[in-house]
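Now for the letters of each chain:
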2 protein chains.
Amino acid sequence: MTDPCPDAFLALGVRLADAAREVLLRYYRQPLGIIDKADESPVTIADREAETRMREIIADTFPDHGVVGEEYGSDRADAEFVWVLDPVDGTKAFLSGVPVFGTLIALMRGGKPILGIMDQPVTGERWVGAAGRPTLLNGVAVRTAPRGALSDAVLWSTSPHMFDAVEGERAAFAQLRDAVKFVHYGGECYQYAALASGHIDLVVEGEMAPYDYCAHVPVIEGAGGVITDWQGGPLGLESGGKVVAAASPELHEAARQILAG
Amino acid sequence: MTDPCPDAFLALGVRLADAAREVLLRYYRQPLGIIDKADESPVTIADREAETRMREIIADTFPDHGVVGEEYGSDRADAEFVWVLDPVDGTKAFLSGVPVFGTLIALMRGGKPILGIMDQPVTGERWVGAAGRPTLLNGVAVRTAPRGALSDAVLWSTSPHMFDAVEGERAAFAQLRDAVKFVHYGGECYQYAALASGHIDLVVEGEMAPYDYCAHVPVIEGAGGVITDWQGGPLGLESGGKVVAAASPELHEAARQILAG
């Protein structure tokens, strides 16, 4: 009898989300300095404090588990169980006072995500996906709700500028835009959760890091959706990837074919 | 002793926002049909029901006031006092289950906005701006908080595709993007409110209708910001316009000069 995501891990994930939420709410909309990282993205004190707190809780509970965090890098990334943390996904939205950011928490087993949490502290919404279980929003099961054909689909992405650097990607995304009902931007992690809850049909993004997408995999799969890289391959710890998430296998395949050029 | 925005008008504005909020919350995240209008933007049952309800309340309270609404057009638009209503600004966000949409309510006197309300029903946030008074968020005064020079500014816009149709606008917006700290998309009416609250420095948008921007004028001006069309002219009922809003006169002027080409 093997549970693909034991209760003890689920309970730890919830504790991590609780800890991060307390930190984020304390700093949200407070005047803050912005410190540039090498990649020029803004990062807040909240980001570091939340990740530090989550790492402490993991070390206290399961000292043999690995951790990969957006702020403080990798620690035992070759362990059987590895937590992948993005304390503030959508730092630009956080700094702009717009509540579409969130805390992303994933637990990987052998490189595959078995638990994913997206926590939005301002609206008080928490999506929890775990292998072998239905995805829950604040304890209530949610399902994707594909609008039908690709021409009816609602597409979201964080920014079209994600695709500017590579001409083939820019062209593929523009073609997909023309094929759907409409495109909207600025969704950050919130757009993946809204897809799992049945309101968005497609999310397409450019190159992202594992802490940006690992948590979304169990959330979306547990709600009946499909999420892979642009080649249709699984999203894991090994490498970055361009992401395509869909409310149904049919929409996923239709979008992926366009993105493949 | 003339109050530029008498209490009776403010009280009616609040009643309209209450009525719209009840309707929007009832339909938010419920399965809905999307009915295309001629301009292809999706519009929901909530949109029509909320506007109908607000028009009834205005007619019952001040039958001589005019109304201009996004859904049902103009009624006595030449009256001294005219209410300008957008029951669901950001219908795409509403349909996508992402809480950055809102109800916009403005009261014009002689074509000039003297009252503006932006109500976000999901987060329970209501910004109220009235001529001669400080802008309030849920009853607490808010102020813009410019980050400083244009190169430090956080710029938001609903979508870059607003500027695609006119090459000069596209180029001007691209130049502004290069001049600021970063750009983010998808803000709808929420981005103007976040500017008034001190979290965003600049909002720039393409051609919009009066019900899209009139409510923002008292909200932003009452918080210390500046909002005009791209030429620096006042925003009113007379015509549509391209909008530039800023957290300070200096940022407004710097952005406007770039947008003027």
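Residues numbered from 1 in each chain as written. Chains lettered and ligands numbered in written order. Predicted model: local features only at pLDDT ≥ 70, side-chain atom pairs only at ≥ 80, totals over all residues. Heavy atoms only, no water.

Colleague: Any chance you could break down the overall build of chain A for me, citing the residues and the numbers?
Modeller: Helix and strand counts for chain A stand at eight helices and 15 strands. Whereas a compact globule of 261 residues would reach a radius of gyration of roughly 18 Å, chain A reaches 17 Å, a difference of no more than 12%. Taken over the C-alpha atoms alone, chain A extends approximately 50 × 50 × 30 Å along its principal axes. When each of the 261 residues of chain A is scored for burial, the buried share is 61%. Look at the contacts in chain A between residues 6 or more apart in sequence, and 63% of them connect residues 24 or more apart. Only carbon and sulfur atoms are counted for the fraction: they give 52% of the accessible area of chain A, which is about 9600 Å². (Helix = DSSP H or I, 4+ residues; strand = E, 2+ residues; numbered from the N terminus. Rg over C-alpha atoms; globule rule 2.2 N^0.38 Å. Buried < 20%, exposed > 50% of the residue type's maximum accessible area, 1.4 Å probe, protein only. Contact = heavy atoms within 4.5 Å. Areas by Shrake-Rupley, 256 points an atom, 1.4 Å probe, with all protein chains shown as cover.)

Colleague: Account for the packing of aromatic side chains, naming residues and giving values.
Modeller: Residue and element names in this part refer to chain B. By the definition in use, this model includes 19 aromatic pairs over all chains. Seen from their ring centres, Phe9 and Phe62 are 5.3 Å apart, and the 85 degrees between their planes marks the pair as edge-to-face. Of this pair, Phe9 sits in helix 1 (residues 7-27) while Phe62 sits in the loop between helix 2 (45-61) and strand 3 (66-69); the two residues are 53 residues apart in sequence, bridging distant segments of the chain. Side by side, Phe9 and Phe62 carry an identical accessibility label, which is buried. Consider the rings of Phe173 and Tyr185, whose centres lie 6.5 Å apart with planes at 40 degrees: the pair is tilted. (Phe/Tyr/Trp six-rings, centres within 6.5 Å; stacked < 30°, edge-to-face > 60°.)

Colleague: Before we move on, can you summarise the sheet that holds strand 10 (residues 140-141) of chain A with the specific residues and values?
Modeller: Residues and elements named next belong to chain A. In space, the eight strands of this open sheet follow the order 4-3-5-6-7-8-9-10, with mixed pairing throughout. Edge positions in the sheet fall to strand 4 (73-75) and strand 10, since each of these pairs with one other strand and no more. As paired strands, strand 8 (residues 125-130) and strand 9 (residues 136-137) are joined by two bridges and run antiparallel to one another. The partner of Trp127 across the bridge, within strand 9, is Leu137. In the packing of helix 1 (residues 7-27) onto the sheet, the strands contacted are strand 5 (81-89), strand 6 (102-109), strand 7 (112-120) and strand 8, and the crossing angle to strand 7 comes to about 30 degrees. Relative to the sheet, helix 5 (residues 188-196) contacts strand 5, strand 6, strand 7 and strand 8, its axis offset from that of strand 7 by approximately 110 degrees. (Pairing = 2+ DSSP bridges. Axes fitted to C-alpha atoms, helices over the stretch in contact; angles between N-to-C directions.)

Colleague: Go over the domain arrangement of chain A with me, naming the residues and quoting the values.
Modeller: Often the size quoted for an interface is simply the accessible area lost on bringing the parts together. Residue and element names in this part refer to chain A. You can read the domains of chain A as domain 1 (7-138) and domain 2 (150-260). Taking only C-alpha atoms into account, the centre of domain 1 sits 21 Å from that of domain 2. Contacts between domain 1 and domain 2 engage 36 residues on the former and 21 residues on the latter. Summing both sides of the interface, domain 1 and domain 2 together bury roughly 2000 Å²; the carbon and sulfur share of this comes to 70%. When residues of domain 1 are sorted by the area they lose upon contact with domain 2, Val100, Pro113 and Trp127 head the list and together hold 24% of the total. There are zero salt bridges connecting domain 1 and domain 2. Counting every contact that joins domain 1 to domain 2 gives eight residue pairs in polar contact (both at pLDDT 80 or more). Elements supplying a minimum of two residues to the side of domain 1 that touches domain 2: strand 3 (66-69), strand 5, strand 6, strand 7 and strand 8. The element best represented in the side of domain 1 that touches domain 2 is strand 7, accounting for seven residues. For the side of domain 1 that touches domain 2, the per-class residue count stands at 22 nonpolar, nine polar and five charged. (Domains from an automatic or database assignment. Buried area = accessible area lost by both parts, 1.4 Å probe. Salt bridge = Lys/Arg side-chain N within 4 Å of Asp/Glu carboxyl O. Polar contact = N/O pair within 3.5 Å; in protein donor to acceptor, adjacent residues only side chain to side chain. Nonpolar A, V, L, I, M, F, W, Y, C, P; charged D, E, K, R; others polar.)

Colleague: Go over the sheet that holds strand 12 (residues 182-185) of chain B, please, and point to the residues and values.
Modeller: Residue and element names in this part refer to chain B. Taking strand neighbours across the sheet as the criterion, the five strands line up as 12-11-13-15-14 in an open arrangement whose pairing is mixed. Because the sheet does not close on itself, it has two edges, and the strands there are strand 12 and strand 14 (226-229). Taking each pair of neighbouring strands and ignoring which way they run, the sheet shows an average axis angle of 20 degrees. Relative to strand 15 (residues 241-246), strand 14 is paired through four bridges, and the arrangement is antiparallel.

Colleague: Please give an account of unusual backbone geometry that cites residues and values.
Modeller: Look at Arg76 of chain A: it is not a glycine, yet its phi comes out positive at around 55 degrees. Its place among the elements puts Arg76 of chain A in the loop between strand 4 and strand 5. The partly exposed category is assigned to Arg76 of chain A, whose relative accessible area is 36%. Its identity is not glycine, yet Asn138 of chain B carries a phi of approximately 50 degrees, on the positive side. A relative accessible area of 45% places Asn138 of chain B in the partly exposed class.

Colleague: Describe in detail the side chain of Asp119 of chain A, supporting the description with residues and values.
Modeller: All names here are of chain A. Positionally, Asp119 belongs in strand 7. Looking at Asp119, its side chain comes within polar contact range of the side chain of Arg21, at 2.8 Å. When residues no more than four places from it in sequence are discounted, the contact partners of Asp119 are Ala17, Arg21, Gly102, Thr103, Glu125 and Arg126.

Colleague: Could you give an account of the side chain of Ser248 of chain A, naming the residues involved and the relevant values?
Modeller: All names here are of chain A. Mapped onto the secondary structure, Ser248 falls in the loop between strand 15 (241-246) and helix 8 (249-259). By relative accessible area, Ser248 is classed as buried at 7%. At 3.1 Å, the side chain of Ser248 forms a polar contact with the backbone nitrogen of Leu251. Excluding residues that lie within four positions of it along the chain, Ser248 makes contacts with Pro146 and Val226.

Colleague: Help me get a handle on the relation of the copies chain A and chain B, residues and values and all.
Modeller: Turning chain A through 180 degrees and shifting it by 0.0 Å along the axis lays it on chain B, with an RMSD of 0.0 Å. This pairing of chains is accounted for by a two-fold axis. The C-alpha atom lying nearest the rotation axis in chain A is that of Gly186 of chain A; the distance is 2.3 Å. When the interface residues of chain A are mapped onto chain B, 100% of them again lie at the interface, so the same face is used by both copies. (Least-squares fit on C-alpha atoms with pLDDT ≥ 70 in both.)

Colleague: Would you mind going over the nonpolar core in detail, with residue names and values included?
Modeller: Among the nonpolar cores identified, the biggest contains 142 residues, and Leu16, Trp83 and Leu115 of chain A together with Leu16, Trp83 and Leu115 of chain B are the most heavily contacted of them. Beyond its immediate chain neighbours, meaning those up to four positions away, Leu16 of chain B contacts Met54, Ile57, Ile58, Trp83, Leu85 and Ile105 of chain B. Membership of the second largest hydrophobic core comes to 40 residues, among which are Ile258 of chain A together with Tyr185, Val244 and Leu251 of chain B. (Core = buried A, V, L, I, M, F, W, Y, C linked by side-chain atoms within 4.5 Å.)

Colleague: Could you give me a rundown of the pattern of salt bridges, with the residues and numbers involved?
Modeller: Evaluation of the coordinates by the stated rule reveals 32 salt bridges over all chains. The closest approach of N and O atoms between Asp201 of chain A and Arg147 of chain A, which form a salt bridge, is 2.9 Å. Here Asp201 of chain A is found in the loop between helix 5 and strand 13 (202-208), whereas its partner Arg147 of chain A is found in the loop between strand 10 and strand 11 (154-157), with 54 residues between them in sequence. According to the relative accessible area criterion, Arg147 of chain A is partly exposed, its value standing at 27%. The partner of Glu80 of chain B in a salt bridge is Arg109 of chain B, and the shortest N-O contact between them spans 2.8 Å. Placement of the pair is Glu80 of chain B in the loop between strand 4 (73-75) and strand 5 (81-89) and Arg109 of chain B in strand 6 (residues 102-109), with a sequence separation of 29 residues. Residues joined by salt bridges that share partners form a network here, namely Asp18, Arg21, Asp119 and Arg126 of chain A.

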